[in-house]
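The residues making up each chain are set out below.
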Amino acid sequence: MSDDTPAWPLATRPIPEDAVLILPVRHAVLFPGTLQPLVIDRPASQLGVQEAVRLERPVGLLLQKNMEQEEPGPADLHTVGTTAAVLRYVTTPDGAHHAIVRGMQRFRVLRFLEGWPFLVAQVLYMPDLAVADPEVQGRALALKQRALETLQLLPQVPVEMVAAIQAMEHPEQIGDIVAGVLDVSANEKQALLETFDLKQRLDKLLQVLAHRIEVLKVQRDVSERTRESIGHVNRKQLLREQLRTIQRELGEGDEVAAEVEELERAVSAAGMPAEVEEVARKELKRLERMPDAAGEASIVRTYLEWLAALPWGTSPEAPVDLAAARSVLDEDHFGLEKVKKRILEHLAVRKLNPAGRSPILCFVGPPGVGKTSLGQSIAKATGRKFVRVSLGGVHDEAEIRGHRRTYIGALPGNIIQGVRRAGSRSCVMMLDEIDKLGAGGFHGDPAAALLEVLDPEQNSTFRDAYLGVPFDLSSVMFLCTANVLDTIPGPLRDRMEVTTLPGYTTREKLQIARRYLVARQLRAAGLQPEQCSIADGALLAIIEGYTREAGVRNLEREIGNVLRHVALRIAEGEVAQMSVDAPELHAILGARRFEPEIAMRTGIAGVATGLAWTPAGGDILFVEAARTPGNGRLILTGQLGDVMKESAQAALSLVKSHSAEFGIVPEVFDKSDIHVHVPAGATPKDGPSAGVAICVALTSLLTGRAVRSDVAMTGEISLRGLVLPIGGVKEKVLAAQRAGIKTVMLPARNQRDLEDIPADVRSQLSFVWLTSIDDGLKVALSQPELQPE
């Protein structure tokens, strides 16, 4: 024992020869033949080690089951440990107790003994088994090789450790030494210590070392790649600095400095507001300090290019010439007098008050009526640039407001991009298909983002997320287009002034085809006007027999088909010039696609012709009623919506309540099922305006009086028999005129809408204004016939 070993009191009872002083340890497992430094901080453990040193006896090291326990008892310790000789025991000036021990032999605790201030246990020593087995020798050599391979992969390994492992020959010694130096958990080491069979212990060690070798190889590869990457970056940076030095020596200047200088000139010439210019110059200074290889440099450079490219200044507007504007509108569009009047009123206000805020116009109408081309005509009439932004299917708020610059590839929103394309804040920007915006989700709500854009009180300080500075949109003339208003959110619709574009009449379509469509399709087909002509009769035949639409898109398509047929014949040399009239259409376009079927469909009792409004314009629909033996059920088919089903229920209740007036036997309702069907079952239908048609069809069925084939009707009914007003009167009347109807029955409270109907259509139709359902039955039903039984 060393000279600095402290003195301690002797134990009062002798320790049996077959017993061992037990030293509980945490986070440390000692193997035979290995050295282990220990810090002994428990008073009982200090007494035990001191007694072992005094008696020159070994101590037994047992690992705690719970590493956090401060005073472990016998039940808190593993039962397998290693006896150890205390080579050195010292006490430092700060009162800490330290010991260095060497492992001697495995043991298993048989029982703990009482009567000492420290732990004492009777143990059974466990010798290694199968030491002389050749398989054990082979495993020991393999373990020795893997241990040396592992040391080669570790950094800064002492040469002495490599020599010590190379000098080991006994299998049990190799296994214990390798297990002692493994960097695995204490519980894993304890499991190795408790493996008494040497062959099994060596197999476990081989598995652990194999896994450790793979981990070290991956770690070495990653470190080498990282070192190479860092070296490559440093090399490029050094070469760049050398290149700059060479360029300065040659007087060629610095490209980065030249680029910054160019951006600075662009910022100065952009005419930015003071707030925006301050931000731009701050970013310029950041760009100057950044190395050219920095990833953020390209982001800052792109941002500054966007700021410099935007038209911050107010460009002088061309004076508004109302006469020229009217001429442009009349030249580009036929009809639409109400819409043209509203546009000219807006331009007149703009002329008298150039500094005033312009309203947001929204053109609503079916496809093909010229909503988008109206915006182009407005830009042409006012001398402004025209920019179109399509909103159909847009479901991300960033499409409107832009992305933040933190994202790779970020850009401003479509509004700012449109202004940059126009090159002026005084442009006409058309937000097309605003009713088809995508629903809001985790990407945000694009309709909500448009609230700021389309509010004249707010858009003067519009803040795009990419720019991060306010941009004045008050000089932009915003126009919107939509097919329906129902899908536009209320707050957004409230910011727009809605102008409705109804469908065209047959006469208007003929004039549009003659003035615009034929000439455009002649150019598309590569024909000269003298090579082909289309008679008015052919155009009317195309309008009435090959298209049925509110606009003229399909009409232009069919005209294009005709002219391509002519172009083919001229190109093949069959003819040099060709005139197309109605009789030739069958050979070119095939059979007529739309035939009048009113007389055939309404020639029997129980069939009435109704009028419907659709996003594509007005249309006619047929309401068919049939009676079958039953128990008074009402059957509704034809994919009817809830409102239309309620209208049918109200119509049947109305007929029942007036059965005596209509001459209907009441028992008919109890002994029959009434089936109401609206053809075109694949098309959803809804709305209250079919109430009159359903009521007339039911009355016709139950009285046996057929509905006149030239009469169409629309209107909502009440249980008192009143006819209530409806919407879409012009579209419905135009649909009736296209279908060959002669008499149209409308609610009396819709007489105010008569002035919206073109005069030539009014002259072809007879209107019956309904206050109650009785007024409609008198006109629609034929003369009474025999009452059905």
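These numbers come from a predicted model, not from an experiment.

**Q** Sorry, what's going on with the overall build of the chain here?
**A** Counting its secondary structure elements, the chain contains 28 helices and 24 strands. On C-alpha atoms alone, the chain measures out to a radius of gyration of 48 Å, which is more than a quarter above the 28 Å that the 2.2 N^0.38 rule sets for 789 residues. With respect to the principal axes defined by its C-alpha atoms, the chain has extents near 135 × 95 × 60 Å. When each of the 789 residues of the chain is scored for burial, the buried share is 47%. Taking all contacts inside the chain whose residues are at least 6 apart in sequence as the whole, residues at least 24 apart take part in 73%. Of the roughly 39100 Å² of accessible surface on the chain, a fraction of 53% belongs to carbon and sulfur atoms. One finds the centroid of the 89 positive side-chain charges in the chain at a distance of 4 Å from the centroid of its 102 negative side-chain charges.

**Q** Even after reading the chapter, I still don't get the environment of glycine 175, so can you show me in this structure?
**A** Topologically, glycine 175 is positioned in helix α4 (residues 171–181). When the C-alpha atoms of glycine 175 and proline 32 are compared, they prove to be 9.7 Å apart, with 143 residues separating the residues in sequence. Those residues within four positions of glycine 175 in sequence are excluded, and the remaining contacts are Leu143, Leu202 and Leu205.

**Q** Would you take a moment to explain the packing of aromatic side chains for this structure?
**A** To describe a pair of aromatic rings, one takes the distance between the centres and the angle between the planes. According to the stated counting rule, one finds 3 aromatic pairs in the structure shown. Judged by centre distance (5.0 Å) and plane angle (65°), the rings of tryptophan 312 and phenylalanine 471 are edge-to-face. With tryptophan 312 in the loop between α9 (295–309) and α10 (322–332) and phenylalanine 471 in strand β11 (residues 470–471), this pair connects stretches of sequence that are 159 residues apart. Using a relative accessible area of 8% as the deciding quantity, one classes tryptophan 312 as buried. Summarising the aromatic geometry, the rings of phenylalanine 767 and tryptophan 769 are spaced 6.0 Å apart at their centres and angled 15° between planes, so their arrangement reads as stacked. Given a relative accessible area of 23%, tryptophan 769 falls into the partly exposed group. Above the face of the tyrosine 303 ring, arginine 405 is positioned so that its terminal group lies 3.8 Å from the ring centre.

**Q** Quick question: what am I supposed to make of a nonpolar patch on the surface here?
**A** Side chains of Leu35, Leu87 and Ile100 sit close together on the surface and give an oily, nonpolar patch of about 270 Å² of accessible area. Relative to the assigned elements, leucine 87 resides in strand β4 (residues 80–91).

**Q** What is the right way to look at the pattern of salt bridges in this model?
**A** Pairs may arise between side chains of opposite charge once their charged atoms sit close together. Counted under the stated rule, the structure contains 23 salt bridges. With a shortest N-O distance of 3.1 Å, glutamate 574 and arginine 569 are connected by a salt bridge. Classification of glutamate 574 as partly exposed rests on a relative accessible area of 49%. Between aspartate 673 and arginine 633 there is a salt bridge, and its shortest N-O distance comes to 3.3 Å. Of the two residues, aspartate 673 is situated in strand β19 (residues 672–677) and arginine 633 in the loop between β17 (617–629) and β18 (634–637); the sequence distance between them amounts to 40 residues.

**Q** Help me understand the packing of α10 against helix α11 (residues 337–352), please; the structure alone is not making it clear to me.
**A** Two numbers describe a pair of packed helices, the interaxial angle and the distance between the axes. Remark: α10 packs on α11, axes separated minimally by 10 Å, with the N-to-C direction vectors making an angle of 155°. Judged on the interaxial angle alone, α11 and α10 are roughly antiparallel. Note that α10 runs across α11; the crossing there is right-handed. On the side of α10, the interface is formed by Leu322, Ala325, Arg326, Leu329 and Asp330, while α11 contributes Lys340, Ile343, Leu344, Leu347 and Ala348. A per-class count over the contact of α10 with α11 returns 7 nonpolar, no polar and 3 charged.

**Q** Looking at this structure, how should I read the side chain of aspartate 673?
**A** Aspartate 673 sits in the buried class, given a relative accessible area of 6%. Excluding anything up to four places from it in sequence, aspartate 673 contacts Ala626, Arg627, Thr628, Pro629, Gly630, Asn631, Gly632 and Arg633.

**Q** Hey, could you run me through unusual backbone geometry in this one?
**A** Note: most peptide bonds trans; most residues except glycine with negative phi. The phi dihedral of glutamate 433 is positive, around 55°, even though this residue is not glycine. Within the secondary structure, glutamate 433 is located in the loop between β9 (427–432) and α15 (446–453). Since its relative accessible area comes to 24%, glutamate 433 is described here as partly exposed. Positive phi, close to 55°, is recorded for glutamine 639, a residue that is not glycine. Among the structural elements, glutamine 639 can be located in the loop between β18 and α22 (642–657).

**Q** What am I meant to see in the environment of serine 460 here?
**A** Within the secondary structure layout, serine 460 lies in the loop between α15 and β10 (462–463). The exposure class assigned to serine 460 is partly exposed, which follows from its relative accessible area of 25%. Measuring from C-alpha to C-alpha, the distance between serine 460 and aspartate 472 comes to 4.1 Å, with 12 residues separating the pair along the chain. When near neighbours in sequence (up to four residues on either side) are disregarded, serine 460 contacts Arg357, Phe471, Asp472, Leu473 and Ser474.

**Q** How do you make sense of helix α5 (residues 186–193) when you look at a structure like this?
**A** Of the residues making up α5, those classed as buried are Ala186, Lys189, Gln190, Leu192 and Leu193. With its buried residues spanning 160° around the axis, α5 presents them on a single face.

**Q** Can you walk me through helix α25 (residues 691–703) in this structure?
**A** Since one α-helical turn is 3.6 residues long, residues separated by three or four positions face the same way. Compared with an ideal rise of 1.5 Å per residue, which puts 13 residues at 18 Å, α25 spans 18 Å between its outermost C-alpha atoms and is within 8% of the ideal. Directly beyond the C-terminal end of α25, a positive phi value near 80° is found at glycine 704.

**Q** Any chance you could explain the nonpolar core here in plain terms?
**A** With 54 residues, the main nonpolar core has Leu431, Ile434 and Leu454 as its most contacted residues. For this core, the leading source of residues is α9, giving 6 residues. The residues touching leucine 431, leaving out its near neighbours within four places in the chain, are Val389, Leu391, Ile415, Leu450, Leu454, Phe478, Leu479, Cys480 and Thr481. Formed by 52 residues, the second largest nonpolar core is a distinct cluster that contains Val339, Leu347, Tyr516 and Leu585.

**Q** What should I look at first to understand the packing of helix α17 (residues 506–525) against helix α18 (residues 536–545) in this one?
**A** Contact geometry for α17 and α18: axes closest at 10 Å, N-to-C directions at 120°. When the axis of α17 is compared with that of α18, the two are oblique. α18 is crossed by α17, and the crossing has right-handed handedness. Packed against α17, whose contacting residues are Thr506, Lys509, Leu510, Ala513, Arg514 and Val518, the element α18 presents Asp536, Leu539, Leu540, Ile543 and Glu544 at the interface.

**Q** Explain the sheet that holds strand β7 (residues 361–364) to me, please; I cannot follow it from the model alone.
**A** Hydrogen bonding along the main chain pairs the strands of a sheet, whether they run parallel or antiparallel. Pairing is parallel in the open sheet, where 5 strands are placed in the order β8-β9-β12-β7-β13. Both edges of this open sheet fall to β8 (385–390) and β13 (497–500), since each of them pairs with a single strand only. Going from strand to strand, the sheet's axes swing by 25° on average, the running direction of each strand aside. Of the strands in this sheet, β7, β8, β9 and β12 (477–482) touch helix α12 (residues 371–382), which is tilted by about 175° from β9.

**Q** Just to check I follow, could you spell out the side chain of serine 424 for this structure?
**A** For serine 424, the position within the fold is in the loop between α14 (414–422) and β9. Taking relative accessible area as the criterion, serine 424 reaches 12% and is therefore assigned buried. A polar side-chain atom of serine 424 sits 3.0 Å from the main-chain amide nitrogen of serine 426.

**Q** Just checking my understanding: could you explain the state of the cysteines for this structure?
**A** What we call a disulfide is simply a covalent bond connecting the sulfur atoms of a pair of cysteines. Applying the stated criterion across every chain yields a total of 0 disulfides. Of the cysteine sulfurs around cysteine 362, a residue in no disulfide, the closest is that of cysteine 480, at 5.3 Å. Among the residues examined, cysteine 362 registers a relative accessible area of 0% and is labelled buried. Just so you know, cysteine 427 is unpaired, no disulfide at all, and the nearest cysteine sulfur is the one on cysteine 480, 13 Å from it.

**Q** Can you help me understand the confidence of the model for the chain in this one?
**A** Detailed conclusions should not be drawn from predicted coordinates in areas where pLDDT is low. For the chain, the average pLDDT comes to 82, and 90% of its residues sit at 70 or higher. Summarising per-element confidence for the chain, the mean pLDDT is lowest in helix α21 (residues 598–601) (50) and highest in strand β23 (residues 743–747) (93). The model gives residues 1–11 a pLDDT under 50, and that stretch makes 18 contacts with residues more than four places away or in other chains.

Definitions and limits used
- Per chain, residue numbering runs from 1 following the sequence as it is written.
- Reporting of local features is limited, given that this is a predicted model, to residues whose pLDDT is at least 70; pairs of side-chain atoms are given and counted only at 80 or more, and all residues count toward the totals for whole chains, interfaces and linings.
- To obtain the side-chain values, all non-hydrogen atoms of the structure were included, while hydrogens and water were left out.
- Segments assigned H or I by DSSP are reported as helices when at least four residues long, segments assigned E as strands when at least two residues long, and all are numbered from the N terminus.
- The quantity called the radius of gyration is restricted to C-alpha atoms. Its globule counterpart is 2.2 Å times the number of residues to the power 0.38.
- Per-residue accessibility, obtained with a 1.4 Å probe over protein chains only, is compared with the maximum for each type, and a residue is labelled buried under 20%, exposed over 50%, and partly exposed between these values.
- Whether two residues touch is decided by their heavy atoms; if any such pair falls within 4.5 Å, the residues are in contact.
- Values of accessible area rely on a 1.4 Å probe in the Shrake-Rupley scheme; residue burial ignores everything except the protein chains shown.
- This count recognises Lys and Arg as positive and Asp and Glu as negative, with His and chain-terminal groups excluded.
- Taken as the charge centre is NZ of Lys, CZ of Arg, CG of Asp or CD of Glu, depending on the residue.
- Any pair of Phe, Tyr and Trp rings, taking the six-membered ring for Trp, is counted once the centres come within 6.5 Å. Such a pair is stacked with planes under 30 degrees apart, edge-to-face with planes over 60 apart, and tilted for the rest.
- Geometrically, a charge over a ring is one whose NZ (Lys) or CZ (Arg) sits within 6 Å of the ring centre while staying within 35 degrees of the ring normal.
- Patch construction takes residues with relative accessible area above 30% that form no salt bridge. Like charges are linked within 9 Å, and nonpolar side chains (Val, Leu, Ile, Met, Phe, Trp, Tyr) are linked within 5 Å.
- Only one rule defines a salt bridge in this text: a Lys or Arg side-chain nitrogen within 4 Å of an Asp or Glu carboxyl oxygen.
- As a rule, the C-alpha atoms of each element are fitted with a line to give its axis, helices using only the stretch in contact, and angles between N-to-C directions run from 0 to 180 degrees.
- Comment on the angle field: the value is read as roughly parallel under 35 degrees, roughly antiparallel over 145, roughly perpendicular from 65 to 115, and oblique elsewhere.
- Left-handed describes a crossing whose near helix is turned anticlockwise from the far helix through less than a right angle; right-handed describes the clockwise counterpart.
- Classification used: nonpolar for Ala, Val, Leu, Ile, Met, Phe, Trp, Tyr, Cys and Pro, charged for Asp, Glu, Lys and Arg, polar for all others including Gly.
- The directions from the helix axis to the C-beta atoms form the arc being described.
- Each helix should span, by expectation, one fewer than its residue count multiplied by 1.5 Å.
- Side-chain atoms within 4.5 Å link the members of a nonpolar core, which is a set of buried Ala, Val, Leu, Ile, Met, Phe, Trp, Tyr and Cys residues.
- Strands pair, by our definition, only if DSSP identifies at least two bridges between them.
- Within 3.5 Å is the distance limit for a polar contact, defined as a pair of N or O atoms, with the added protein rule that one can donate a hydrogen and the other accept it, and that residues adjacent in sequence qualify only through two side-chain atoms.
- Cysteine sulfur pairs qualify as disulfides if the two atoms are within 2.5 Å.
- What pLDDT expresses is the predictor's confidence in each residue, scored from 0 to 100.

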